[in-house]
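So the chains spell out like this:
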Amino acid sequence: MKIHEYQAKETLKKFGVPVQDGIAIKALSEFDGAITQLQARGINQYVVKSQIHAGGRGKGKLYNPNNREELIQEGGVKFTTSAEKAKDYASKMLGNLLITHQTGTEGKIVKTLFIAEGLDYKKELYLGILLDRSVSKNVIMASTEGGVEIEKVAEETPEKIIKEWIEPSVGFQSYQARKIAFGLGLKGAALKSFVPFMMKLYKAYEETDASMLEINPLIITNDDKIIALDAKMNFDDNALYRHQEISAYRDLDEEDALEIEASKFNLNYIKLDGNVGCMVNGAGLAMATMDIIKLAGGEPANFLDVGGSANKETVANGFKIILSDPNVKAILINIFGGIVRCDRVAQGVIDAVKEVSVTVPVVVRLEGTNAIEAKELLENSGLNFEVASTLHDAAKKITSVLSMETVN
Amino acid sequence: MSILLDKKTRVVVQGITGGEGSFHTKQMIEYGTNVVAGVTPGKGGQKFEDTNVPIFNTLAEAVKVTKAEASAIFVPPSFAADAILEAANAGIKLVVCITEGIPTKDMIAVYNLIKEKNVRLVGPNCPGVISPGKAKIGIMPGFIHKQGKVGVVSRSGTLTYEAVKQLSDLGIGQSTCVGIGGDPIIGSRFIDIIKLFNEDSGTEGIVMIGEIGGSAEEEAADFMKKYVKKPVVGFIAGRTAPPGRRMGHAGAIISGGKGTAAEKMAAMKKAGIHVVESPAEIGITMKKALDKEKKKEVKKKISSVKKTVKKVAIKKVLPKKKISKKK
């Protein structure tokens with residue numbers, strides 16, 4: 001699960017990690033109150049930061065959501081020493097469409113702003129914590145090249161990235177924090193404050209079941225303080241059950257409406273841009289089915305794993321979700337019935353097609369227990385199914401269905 | 001022959017009285033698996049349904065009484081890490097964890113703790129292990145399998161069934177099929193299972209089914225390039241998956257441009273693996289590869305026969321002198 005920058009900072013603050021101070025607002029009417037509070041804390045320069053679940057906000061552009069041609073403002077993160085100017089920036093961000101290199105051309109509507117303290121600093125660093133799958137341990141990555149895209153640094157100058165792996169039995173050690181600090185070339189007061197900073201940061205990562213924590217940039221202020229200027233945190237979905245305070249951060253506005261709908265029915269759905277919808281049991285087979293669609297000359301419109309129980313309800317809900325995407329020109333159902341019986345799945349498909357009015361051609365491939373009975377059921381249903389017996393056959397039928405579509 | 005599991009392997013089921021656990025235990029017994037015990041804390045002393053399989057409160061007790069050597073884990077995700085550790089500490093040699101949804105943090109701790117112990121973990125979040133015609137530990141449908149000589153190793157469930165069905169339909173049986181699981185942290189990786197298949201004299205070919213995400217396929221390809229002479233057919237699912245989106249399995253995500261299908265397929269091709277573009281071609285490609293091996297062998301045999309014929313012929317025309325010299 002992803003959360004916003006301001007939420008990540010709230011979380012880090014609970015662990016004593018020094019973060020950039022600020023207040024989140026959801027409407028322009030809250031702006032003056034936020035500024036007054038910040039001023040009361042002695043803050044007199046400001047950064048207005050758009051809160052969306054995507055990076056590259058600073059270099060992003062804001063457009064009118066009703067007219068995507070109309071550029072409102074360059075930059076989704078703005079610095080100023082004037083409260084008035086800050087309000088102007090805020091008004092141009094809230095409710096508008098922010099497009100960054102990570103959002104794609106669709107962009108994201110800015111619904112929350114983080115009005116933060118503007119800080120003067122002399123150095124930008126990079127810090128990241130995540131799982132290193134190759135050794136099954138967490139790794140801390142640090143670099144003097146803060147503020148830029150770390151992927152670029154990793155590719156072009158990998159020697160500039162310092163790595164420390166954490167031994168799970170003993171946890172993160174202060175000698176490791178010192179090693180990172182010296183590796184980053186820190187001295188004096190900055191060196192001293194880095195070690196506790198790093199220890200607290202790792203603790204926050206570990207105790208919240210985070211799957212990724214990135215501070216980019218981490219800054220050294222002119223008076224040698226270490227502060228997280230930005231913060232990005234992702235969490236392990238499997239562990240959310242033990243972190244209610246994190247689960248409460250879920251922002252449904254940031255998620256695809258269809259994906260939210262699907263998750264209500266325990267369907268694992270991801271919307272894509274293609275023209276062939278698919279419904280499959282199992283994640284691996286679902287990906288393989290998407291690949292088959294592509295090889296057959298189509299483009300997958302979605303990933304949809306209906307899980308272990310492919311019954312009438314799951315199939316009907318699957319159809320509803322796939323069909324609410326207007327780009328879908330055909331549907332491929334690929335169920336490998338192992339423990340579940342194919343004839344039951346077939347009956348589910350038939351009932352679901354009758355219940356939901358399915359107007360696009362449907363290719364059905366059921367394999368496994370009672371596959372022959374299932375095939376007969378589908379063929380004798382009086383409904384317009386293309387019944388395929390093998391994966392190869394399914395691919396061919398998708399190709400022919402698609403070519404018919406283009407003729408029509 | 002087979003790896004990891006055969007008819008004699010003594011199996012204990014952790015979470016035997018739960019919904020999934022009881023259903024699949026019955027299936028396993030029906031398939032011929034030697035299930036000797038079950039564990040459900042608080043239900044010790046009972047028998048499993050209408051069988052004679054005893055239930056114990058702790059795994060240590062089950063091992064002591066029944067000498068169980070392999071375990072199947074069907075407990076809920078929040079108890080699964082504990083169950084794996086219990087098995088490892090009770091002296092179980094093979095732990096197959098079916099449970100889906102275990103927090104990564106729990107698995108980091110477990111993986112690194114049991115690494116030093118003499119135990120092999122398969123999974124979590126996997127369909128399990130089956131040695132066709134002998135035994136199965138897991139949730140895969142037994143009837144699609146056929147006893148034979150191809151080893152199958154895969155990160156997914158139903159896609160493995162798909163590949164197995166293709167093989168069986170072509171008359172190609174399997175020595176053992178191992179679903180290693182789709183999580184970021186798993187007990188056995190491709191390379192571990194491929195090593196076993198490589199050493200198993202009963203395995204003549206290997207099918208490897210990977211997914212986007214991580215670098216386990218590349219690691220395995222490296223190993224195979226150096227050490228594996230048996231024919232290998234490979235497929236990577238998720239060529240059409242967009243970066244940054246998790247495709248169902250917690251491990252299946254392309255992050256920072258790494259773990260793409262294209263990268264994995266290139267590494268595998270370089271290692272001499274028959275990489276198929278379409279998942280529909282897995283079976284047929286293995287058949288061709290095996291046929292080719294057979295032809296090679298026949299050729300070798302013919303040429304060695306020819307050589308001996310030649311030798312015999314030469315011996316026959318050898319002057320007697322030389323023969324007497326040898327004496």
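Nothing here was measured: the structure is a model prediction, and the numbers come from that model.

Conventions we followed
Residues numbered from 1 in each chain as written. Chains lettered and ligands numbered in written order. Predicted model: local features only at pLDDT ≥ 70, side-chain atom pairs only at ≥ 80, totals over all residues. Heavy atoms only, no water. Helix = DSSP H or I, 4+ residues; strand = E, 2+ residues; numbered from the N terminus. Buried < 20%, exposed > 50% of the residue type's maximum accessible area, 1.4 Å probe, protein only. Contact = heavy atoms within 4.5 Å. Areas by Shrake-Rupley, 256 points an atom, 1.4 Å probe, with all protein chains shown as cover. Lys, Arg positive; Asp, Glu negative; His and termini not counted. Charge placed at Lys NZ, Arg CZ, Asp CG, Glu CD. Expected span 1.5 Å × (residues − 1). Pairing = 2+ DSSP bridges. Axes fitted to C-alpha atoms, helices over the stretch in contact; angles between N-to-C directions. Parallel < 35°, antiparallel > 145°, perpendicular 65-115°, else oblique. Nonpolar A, V, L, I, M, F, W, Y, C, P; charged D, E, K, R; others polar. Phe/Tyr/Trp six-rings, centres within 6.5 Å; stacked < 30°, edge-to-face > 60°. Core = buried A, V, L, I, M, F, W, Y, C linked by side-chain atoms within 4.5 Å. Polar contact = N/O pair within 3.5 Å; in protein donor to acceptor, adjacent residues only side chain to side chain. Arc of directions from axis to C-beta. Right-handed = clockwise from strand over helix to strand, strands pointing away. pLDDT = per-residue confidence, 0-100. Salt bridge = Lys/Arg side-chain N within 4 Å of Asp/Glu carboxyl O. Patch = residues over 30% accessible without salt bridge, like charges linked within 9 Å, V, L, I, M, F, W, Y side chains within 5 Å. Buried area = accessible area lost by both parts, 1.4 Å probe.

A.B. asks: For this particular structure, what's the right way to read the overall build of chain A?
C.D. replies: Each helix and strand in chain A was counted, giving 13 helices and 20 strands. Overall, chain A is about 80 × 50 × 40 Å in size when its C-alpha atoms are taken along their principal axes. For chain A, the residues scored as buried account for 54% of the 408 residues in total. Partitioning the intrachain contacts of chain A with sequence separation of at least 6 by distance along the chain shows that 67% fall at a separation of at least 24. Of the roughly 17,900 Å² of accessible surface on chain A, a fraction of 49% belongs to carbon and sulfur atoms. Computed over 47 positive and 56 negative side-chain charges, the inter-centroid distance for chain A is 4 Å.

A.B. asks: How should helix α11 (residues 342–355) of chain A be read in this particular structure?
C.D. replies: Along an α-helix, residues three or four positions apart point the same way, because every turn accommodates 3.6 residues. Residue and element names in this part refer to chain A. With 14 residues, α11 should reach 20 Å at 1.5 Å per residue; the first-to-last C-alpha distance of 20 Å fits that figure. Considered for burial, the residues of α11 that qualify are C342, D343, V345, A346, G348, V349, I350, A352 and V353. Where α11 is buried, its residues meet α10 (312–323), β18 (330–337), β19 (362–368), α12 (371–379) and β20 (385–388).

A.B. asks: Help me understand the sheet that holds strand β5 (residues 77–80) of chain A, please; the structure alone is not making it clear to me.
C.D. replies: Backbone-to-backbone hydrogen bonds pair the strands of a sheet. The strands run either parallel or antiparallel. All names here are of chain A. The four strands are arranged β1-β8-β2-β5 in an open sheet whose pairing can be described as antiparallel. Sheet topology places β1 (22–25) and β5 at the edges, where each strand pairs with a single neighbour. Across the sheet, the axes of successive neighbouring strands diverge by a mean angle of 15°, strand direction being ignored. Lying over the sheet, helix α1 (residues 5–14) contacts β1, β2 (46–50) and β8 (113–117), oriented at roughly 50° with respect to β8.

A.B. asks: Just checking my understanding: could you explain the environment of I99 of chain A for this structure?
C.D. replies: Residue and element names in this part refer to chain A. Within the secondary structure, I99 sits in strand β6 (residues 97–99). Spatially, the C-alpha atom of I99 lies 27 Å from that of I35, the residues being 64 residues apart in sequence. Apart from residues no more than four positions distant in its own chain, I99 is found in contact with G60, K61, Y63, G104, T105 and G107.

A.B. asks: Any chance you could explain the pairing of β8 of chain A here in plain terms?
C.D. replies: Residues and elements named next belong to chain A. Within β8, four of the five residues are buried, leaving the element largely enclosed by the surrounding structure. In terms of strand pairing, β1 meets β8 through four bridges, oriented antiparallel. Paired with I25 across the strands is L113, a residue of β8. Both β2 and β8 contribute to a ladder of five bridges, which runs antiparallel. Note that in β8 the partner of V47 across the bridge is A116.

A.B. asks: Explain the packing of helix α3 (residues 77–89) of chain B against helix α4 (residues 104–114) of chain B to me, please; I cannot follow it from the model alone.
C.D. replies: For any two helices packed against each other, the geometry comes down to the angle between their axes and how far apart the axes lie. All names here are of chain B. Two elements in contact, α3 and α4, have axes whose closest approach is 10 Å; the angle formed by their N-to-C orientations is 10°. Between α3 and α4, the angle falls in the class roughly parallel. In this structure, α3 contributes A81, I84, L85 and A88 to the contact, and α4 contributes D106, M107, V110, L113 and I114. In the contact of α3 with α4, the residues fall into eight nonpolar, no polar and one charged.

A.B. asks: Explanation requested: the packing of aromatic side chains in the structure shown.
C.D. replies: The relative placement of two aromatic rings is captured by the distance of their centres and the angle of their planes. The tally for this structure, following the rule as stated, stands at five aromatic pairs over all chains. One aromatic cluster is present, built from ring pairs that chain together F172, Y202 and Y205 of chain A.

A.B. asks: Explanation requested: the nonpolar core in the structure shown.
C.D. replies: One recurring pattern in soluble globular proteins is that nonpolar side chains are buried together. Among the nonpolar cores identified, the biggest contains 99 residues, and I137, V153, I194, V207, M208, M224 and M247 of chain B are the most heavily contacted of them. The greatest single-element share of this core, amounting to eight residues, is contributed by helix α9 (residues 283–295) of chain A. In this structure, M247 of chain B is in contact with I270, A283, M287, M290 and F303 of chain A together with I212, A241, P242 and A252 of chain B, ignoring residues within four places of it in sequence. Residues M1, I3, I162 and A181 of chain A belong to the second largest nonpolar core, which totals 41 residues.

A.B. asks: What's the story with the side chain of N302 of chain A in this structure? I'm lost.
C.D. replies: Residue and element names in this part refer to chain A. With respect to the helices, strands and loops of the structure, N302 is situated in strand β17 (residues 302–305). For N302, a relative accessible area of 0% corresponds to the buried category. A polar atom in the side chain of N302 sits 2.9 Å from the backbone oxygen of C278. In this structure N302 touches Y269, I270, L272, V276, G277, C278, M290 and I322, once residues within four positions along its chain are discounted.

A.B. asks: Help me understand helix α8 (residues 261–270) of chain B in this model?
C.D. replies: All names here are of chain B. Residues of α8 that are buried: A261, K264, M265 and M268. On an axial view of α8, the arc spanned by its buried residues comes to 95°, and they lie on one face. In α8, the exposed residues that point more than 90 degrees away from the buried face are A262 and K270. If you follow the buried residues of α8, they end up packed against β11 (205–211), α7 (216–227), β12 (232–237) and β13 (274–275).

A.B. asks: Is there a simple way to think about the pairing of strand β4 (residues 70–73) of chain B in this case?
C.D. replies: By the alternation rule, side chains of β4 of chain B split into A70 and A72 of chain B and S71 and I73 of chain B, which are all buried. The β-α-β motif built from β4 of chain B, the intervening α3 of chain B and the parallel element strand β5 (residues 94–97) of chain B has right-handed crossover chirality.

A.B. asks: Explain the sheet that holds β4 of chain B to me, please; I cannot follow it from the model alone.
C.D. replies: All names here are of chain B. Spatially, β3-β2-β1-β4-β5-β6 is the arrangement adopted by the six strands of the open sheet, whose pairing is parallel. Each having just a single partner strand, β3 (55–56) and β6 (120–122) make up the two edges of the open sheet. In this structure, strand β1 (residues 11–14) lies alongside strand β2 (residues 35–39), joined through four bridges in parallel fashion. Its bridge partner lying in β2, V13 is registered against G38. Packing against the sheet, helix α1 (residues 19–31) makes contact with β1, β2 and β4, and its axis sits at approximately 170° to β2.

A.B. asks: So what exactly am I meant to see when it comes to the confidence of the model for chain B here?
C.D. replies: In regions of low pLDDT, the predicted coordinates are not meant to be interpreted in detail. Of all residues in chain B, 95% have pLDDT values of 70 or greater, and the mean over the chain is 92. The ipTM value of the predicted complex is 0.89, and its pTM value is 0.90.

A.B. asks: Honestly, the pattern of salt bridges in this entry has me stumped. Any pointers?
C.D. replies: Side chains that differ in charge, positive against negative, can pair when their charged atoms come close. Residue and element names in this part refer to chain A. The full count for this structure, using the stated rule, is 40 salt bridges over all chains. Of the charged contacts, one joins R242 and D209 as a salt bridge, the two residues approaching to 3.0 Å between their closest N and O atoms. In this pair, R242 sits in the loop between β14 (232–235) and α7 (244–247) while D209 sits in the loop between α6 (188–207) and β12 (210–221), placing the two residues 33 residues apart along the sequence. We note a salt bridge from R365 to E367, for which the minimum N-O separation is 3.8 Å. Under the relative-accessibility criterion, R365 is labelled buried at 2%. Taken together, the salt bridges that share partners define one network made up of E5, K9, K49, R57 and D230.

A.B. asks: Even after reading the chapter, I still don't get a positive patch on the surface, so can you show me in this structure?
C.D. replies: All names here are of chain B. Residues K306, K307, K310 and K311 make up a contiguous surface patch of positive charge. Its location among the elements puts K310 in helix α9 (residues 282–317). Overall, K310 belongs to the exposed group, its relative accessible area being 59%.

A.B. asks: It is not clear to me how the interface of chain B and chain A should be interpreted in this structure. Could you clarify?
C.D. replies: The parts lose accessible area when they come together, and the size of an interface is often stated as this lost area. With 57 residues of chain B at the contact, the number on the chain A side is 45 residues. Of the roughly 3,900 Å² buried between chain B and chain A on both sides combined, carbon and sulfur atoms contribute 60%. At the boundary of chain B with chain A, the tally comes to four salt bridges. The tally of links from chain B across to chain A stands at 14 residue pairs in polar contact (both at pLDDT 80 or more). Those elements giving two or more residues to the side of chain B that touches chain A turn out to be α1, α4, α5 (158–169) and β12 of chain B. For the side of chain B that touches chain A, the leading source of residues is α4 of chain B, giving seven residues. Classifying every residue of the side of chain B that touches chain A gives 24 nonpolar, 19 polar and 14 charged.

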